[in-house]
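Next come the chains, spelled out residue by residue.
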Amino acid sequence: MYVYTTTDFAGLVKLYILAFLLEIIENMKINNFLIGIRLFKICFLMVGLACACPIYAQDFFQQVREGWLKEAAQTTPVLIKSIKKPLKLVTIVKDKAAFQGYKAVPMSDAKKLYDTAFQAMSGVVVDFGEHLTGHLSFCLRALKQTPDAPLRLKFTFGEVPSEVVTPFDPYTGGLSRAWLQDEVVTVMEVPDTIVIPRRVAFRYVKIELLAKPGFPFAISKLSFEAVSSASATPSPLLATTPALFKKIDSVGLATLKECMQTVFEDGPKRDQRLWIGDLYLQSMANNYSYKQYNLSKHCLYLLAGLSSDNGILHAAVFDRPVPHPQAGQFLLEYALLYGAALKEYLIATGDQHTAKELWPVVKKQLDIVNRYVGNDGLMDFENAAKEWWIFFDWKDGLYKEVPLQGISIFALNEAYDLSRLIGKEHELAYVPPLVKKMRAAARKWLYNQHTDLFVGLHNKQVSYASQIWMILAGVPSQKQAQRALAALETIDSAVTPVTPYLNHYYVQALINSGMQDKAREVIGSYWGGMVSKGADTFWEAYDPKDDYLSPYGFFPVNSYCHAWSCTPLFFIRKYPEIFQLQRTSK
Ligand code: RAM
C-alpha cells in the first residue's frame with residue numbers, strides 16, 4: 001500500500017519538464033549545432049536527473065530516521081534468563097469437556113524421566129507447569145551397553161495440550177508450517193548435551209524416539225533457559241479483589257511477561273514481531289503492571305525509524321536479525337493507533353522529549369484520514385478498503401464501514417489530545433471542526449433511531465464492532481450508547497467479536513458508557529471462560545462457542561499466548577473499583 005506524498009509528485013513533475021525540454025531541443029534540428037546540442041542535451045539530462053531523482057525518491061523522514069533507529073538501539077531491553085526444570089510427566093487424554101477436546105493428566109514426578117530407560121516409557125510428555133519462552137537443553141546417557149548408533153528424537157512443543165497430540169501433517173493452515181514447533185534432533189554421540197537451537201514457547205513437550213538404537217539410554221537432564229525482558233514485579237491487587245479477577249489478572253501478567261522480549265512481541269510462539277495494534281494494548285497494560293516504559297519507548301522509536309519512505313508506518317516490524325519492517329504490509333487502523341500509543345506513553349511517563357520527537361509521525365498518519373474523508377464528513381469506505389488492509393477483528397464477514405468511521409474520529413481525537421499535551425495544537429487546528437463534522441455525519445447517516453443501532457450506509461449488518469467504535473469515537477450520547485449496547489444483546493444475528501483484541505475495545509466502550517457491571521461481567525465470562533478451560537496465558541482468538549476457531553485454517557498454528565489478550569489486567573488495575581467484592585450495583 002502506498003500513499004503518495006507531495007514530494008513524490010514534485011519529483012514526477014520535474015522529470016516531465018526535463019523530458020519536455022529535451023524534446024524541444026531534439027526538434028530544433030539545427031545541423032551546425034547538432035553535436036553541440038547533443039552534448040548539451042547529455043549534460044542537461046545528467047544534471048537534471050541528479051537534481052530530480054533525490055527529490056523523487058525522497059524519504060519523508062530522511063533527516064530524523066537514523067536518529068530514531070539509534071534511539072531504538074540504545075533502548076533495547078536486556079533479556080532476563082532463568083533456568084526452569086520440568087515438573088511432571090503427564091499423559092494427554094481425550095475429554096469432550098476439555099478445551100479442544102484434550103486435557104493433561106499428571107502421571108508422575110518428572111524425576112522418573114531420569115531414572116528410567118527411555119525405551120521403557122510409553123509416550124513421554126513433560127509438563128513444565130507454566131508457559132515458557134526460550135531454549136530447551138537435554139543430556140543423554142547410555143545404560144549398560146556401549147552406544148553404537150546415533151539417536152533420533154522428536155520434540156513437539158505445545159502451549160496447550162491439543163498441540164502435542166494433533167497431527168500437523170498433511171498441513172492445512174494458511175501460515176507457514178514451520179511455525180509449528182516440532183523439532184527432530186539426531187544425537188551422534190552419547191553421552192552428550194544438546195541445546196535445541198530454535199526458541200520455543202510452550203508448557204508441554206512430547207518426546208518421541210524415531211530411530212530405536214540397540215542400547216538402552218536415559219535422558220539424564222532436561223532444562224529450559226527461559227527469557228523475558230520483564231524484570232519488575234507488579235504490585236499486588238487489593239485484597240478485596242475476588243479470586244476470579246485475581247486469577248484473570250495473573251494469567252494476564254503471565255501473557256504480557258512472555259510477550260515482553262526485545263520488543264513487545266505479539267506472540268512468542270507465532271509471529272514473534274512487533275505489531276502496532278498489539279503494542280498499543282500491551283504498552284497500556286505495561287503502564288499499569290511492569291511499568292517498563294523503556295520497552296514502550298524502544299518500540300515507538302523502532303516503528304518510527306522503520307516507517308516507509310512516504311512516512312506511513314508499517315503494520316509490523318522485526319528487530320532481528322537487524323531492525324527491518326514487514327515490507328509492503330500496511331494496516332489502516334494500526335497506523336492510526338500509533339498516536340494513541342504515544343499519547344498513553346506520554347501520560348504514563350511525562351517524557352515530553354520522546355513525544356515531541358515522534359510527534360511528526362503521528363501527524364503524518366492523519367494523512368490517511370484526510371485522504372478518505374469526504375466533504376460530507378464520511379470516510380470513503382469503499383476506496384479505503386480497496387487500498388488498505390482494514391482489520392478490527394478476525395471475524396469472517398465483518399462489515400467495517402462504521403468501525404472505520406469510528407476509528408478515524410478516535411485517531412483524530414487522540415492526536416489532538418496529544419498535540420495539546422506537547423503544546424502543538426496549533427498544528428492540528430483543523431482537527432476539532434473535522435471531528436465535529438465526522439461525528440455529525442455518523443449520527444446523520446449511520447444511526448438508526450428506530451433500532452438504536454449504528455449500521456453502514458449500504459450494508460445494514462449489525463455488529464459489535466460498529467457500536468464499539470462509534471462509542472469510542474464519542475458519536476452517541478451516553479444514553480444512546482447504552483441503548484445500542486443493550487440492543488445488541490437482543491439481536492441473534494449481531495456479529496460478535498472472536499478475538500480478545502476487539503473484546504478489549506468492547507469492555508472500554510462499556511466503561512465509557514457507564515456500564516461498569518456489564519464490563520465486569522464480560523471480563524469474568526470471556527477471559528474467565530479461557531481460565532476455566534485451563535488457559536495459562538490468554539489466547540489469540542477465542543470464540544466461546546468454537547474451541548477450534550482459527551484465523552489461519554488450522555487451530556494448532558494459533559498463538560495461545562498472545563499480546564493483545566492480556567488487557568484484563570489493565571482494566572482490573574486501572575479501574576479497581578469495578579472489580580471489588582463490595583461493589584454496589586449500579
Ligand atoms: C496477526 C497477529 C497480530 C495481529 C495481526 C493483525 O497476524 O495475531 O497479533 O496484530 O494479525
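The model shown is predicted, which means the values in this text are computed figures rather than measured ones.

*Asks:* Help me out: how do you make sense of the overall build of the chain in this one?
*Replies:* The helix and strand inventory of the chain stands at 17 helices and 14 strands. Counting every position in the chain, which comprises 586 residues, the buried fraction comes to 56%. Total accessible area on the chain stands at roughly 25200 Å², and carbon and sulfur atoms take up 57% of it.

*Asks:* Is there a simple way to think about the nonpolar core in this case?
*Replies:* The tendency in soluble globular proteins is for nonpolar side chains to be buried as a group. One finds L274, Y280, Y334, Y338, I468, W469 and Y505 to be the most contacted residues of the largest nonpolar core, which totals 141 residues. At eleven residues, helix α8 (residues 332-349) tops the list of elements feeding residues into this core. Filtering out sequence-adjacent residues up to four positions away, Y280 remains in contact with L337, A340, A341, E344, F410 and Y505. One finds L140, I194, F224 and A226 within the second-largest nonpolar core, a separate group that totals 32 residues.

*Asks:* I'm lost on the packing of aromatic side chains in this one. Help?
*Replies:* The relative placement of two aromatic rings is captured by the distance of their centres and the angle of their planes. Scanning all chains against the criterion turns up 41 aromatic pairs. For the pair F391 and W394, a centre-to-centre distance of 5.0 Å together with 75° between the ring planes defines the contact as edge-to-face. Accessibility expressed as a relative area gives 26% for W394, which makes it partly exposed. Taken together, a centroid distance of 5.7 Å and an interplanar angle of 75° make the contact between W394 and Y552 edge-to-face. Here W394 is found in the loop between α10 (381-387) and α11 (401-421), whereas its partner Y552 is found in the loop between α16 (516-532) and α17 (568-574), with 158 residues between them in sequence. Cluster of aromatic residues (ring-pair linked, three or more members): W275, Y334, W389, F391, F392, W394, F410, W469, Y501, Y505, Y552 and W564. The ring of F60 has K364 lying over it, and the distance from NZ or CZ to the ring centre is 4.1 Å.

*Asks:* I keep staring at the sheet that holds strand β11 (residues 316-318) and nothing clicks. Help me out?
*Replies:* In any sheet, the strands associate via hydrogen bonds between backbone groups, in a parallel or an antiparallel arrangement. Strand order across the open sheet formed by three strands is β10-β11-β12, with antiparallel pairing between neighbours. At either end of the open sheet lies a strand with only one pairing partner, and these are β10 (274-275) and β12 (324-325). Bridge count between β11 and β12: two bridges; the pairing is antiparallel. Looking at β12, one finds that F318 is bridged to H324.

*Asks:* Explain the site of the ligand here, please?
*Replies:* Surrounding the ligand, one finds D266, R270, D271, W275, D278, Y334, W389, W394, E540, Y552, H562 and W564. Within the side chain of D266, one N or O atom sits 3.4 Å away from an oxygen atom of the ligand. For the ligand, an oxygen atom lies 2.7 Å from a polar atom in the side chain of E540. Protein coverage of the free-state accessible area of the ligand, which is 290 Å², stands at 96%. Classifying every residue of the shell around the ligand gives six nonpolar, one polar and five charged.

*Asks:* Is there a simple way to think about empty space enclosed by the protein in this case?
*Replies:* Empty pockets left among the atoms are what a rolling probe the size of a water molecule brings to light. Within the structure shown, the criterion is met by two cavities of 30 Å³ or more. Empty space within the largest cavity amounts to approximately 40 Å³. Within the lining of the largest cavity, the residues separate by chemical class into five nonpolar, two polar and three charged. Of the volumes computed, that of the second largest cavity is approximately 30 Å³.

*Asks:* Sorry if this is basic, but what is going on with the pattern of salt bridges here?
*Replies:* Think of it this way: side chains of opposite charge can pair up when their charged atoms draw near. Inspection of every chain in the model, using the stated rule, returns 27 salt bridges. A salt bridge links K111 to D115; the nearest nitrogen and oxygen atoms lie 3.6 Å apart. On the criterion of helical spacing, the pair formed by K111 and D115 is a turn pair, its members being four residues apart in helix α4 (residues 111-115). In this structure, E414 and K343 form a salt bridge, with 3.3 Å as the shortest nitrogen-oxygen distance. Highlighted residues: E414 in helix α11 and K343 in helix α8, separated in sequence by 71 residues. This pair shows no difference in class: E414 is buried, exactly as K343 is. Put simply, D127, R203 and D536 are held in one network by salt bridges that share partners.

The rules behind each value
Residues numbered from 1 in each chain as written. Predicted model: local features only at pLDDT ≥ 70, side-chain atom pairs only at ≥ 80, totals over all residues. Heavy atoms only, no water. Helix = DSSP H or I, 4+ residues; strand = E, 2+ residues; numbered from the N terminus. Buried < 20%, exposed > 50% of the residue type's maximum accessible area, 1.4 Å probe, protein only. Areas by Shrake-Rupley, 256 points an atom, 1.4 Å probe, with all protein chains shown as cover. Core = buried A, V, L, I, M, F, W, Y, C linked by side-chain atoms within 4.5 Å. Contact = heavy atoms within 4.5 Å. Phe/Tyr/Trp six-rings, centres within 6.5 Å; stacked < 30°, edge-to-face > 60°. Lys NZ or Arg CZ within 6 Å of the ring centre and 35° of its normal. Pairing = 2+ DSSP bridges. Near = heavy atom within 4 Å. Polar contact = N/O pair within 3.5 Å; in protein donor to acceptor, adjacent residues only side chain to side chain. Nonpolar A, V, L, I, M, F, W, Y, C, P; charged D, E, K, R; others polar. 1 Å grid on protein atoms, 1.4 Å probe; cavity = no way out; pocket = protein on both sides within 12 Å on 5 of 7 lines; lining within 4 Å. Points joined across faces, edges and corners; volume = space filled by probe spheres on them. Salt bridge = Lys/Arg side-chain N within 4 Å of Asp/Glu carboxyl O.

Everything listed here is a matter of coordinates, which is why it stays silent on function.
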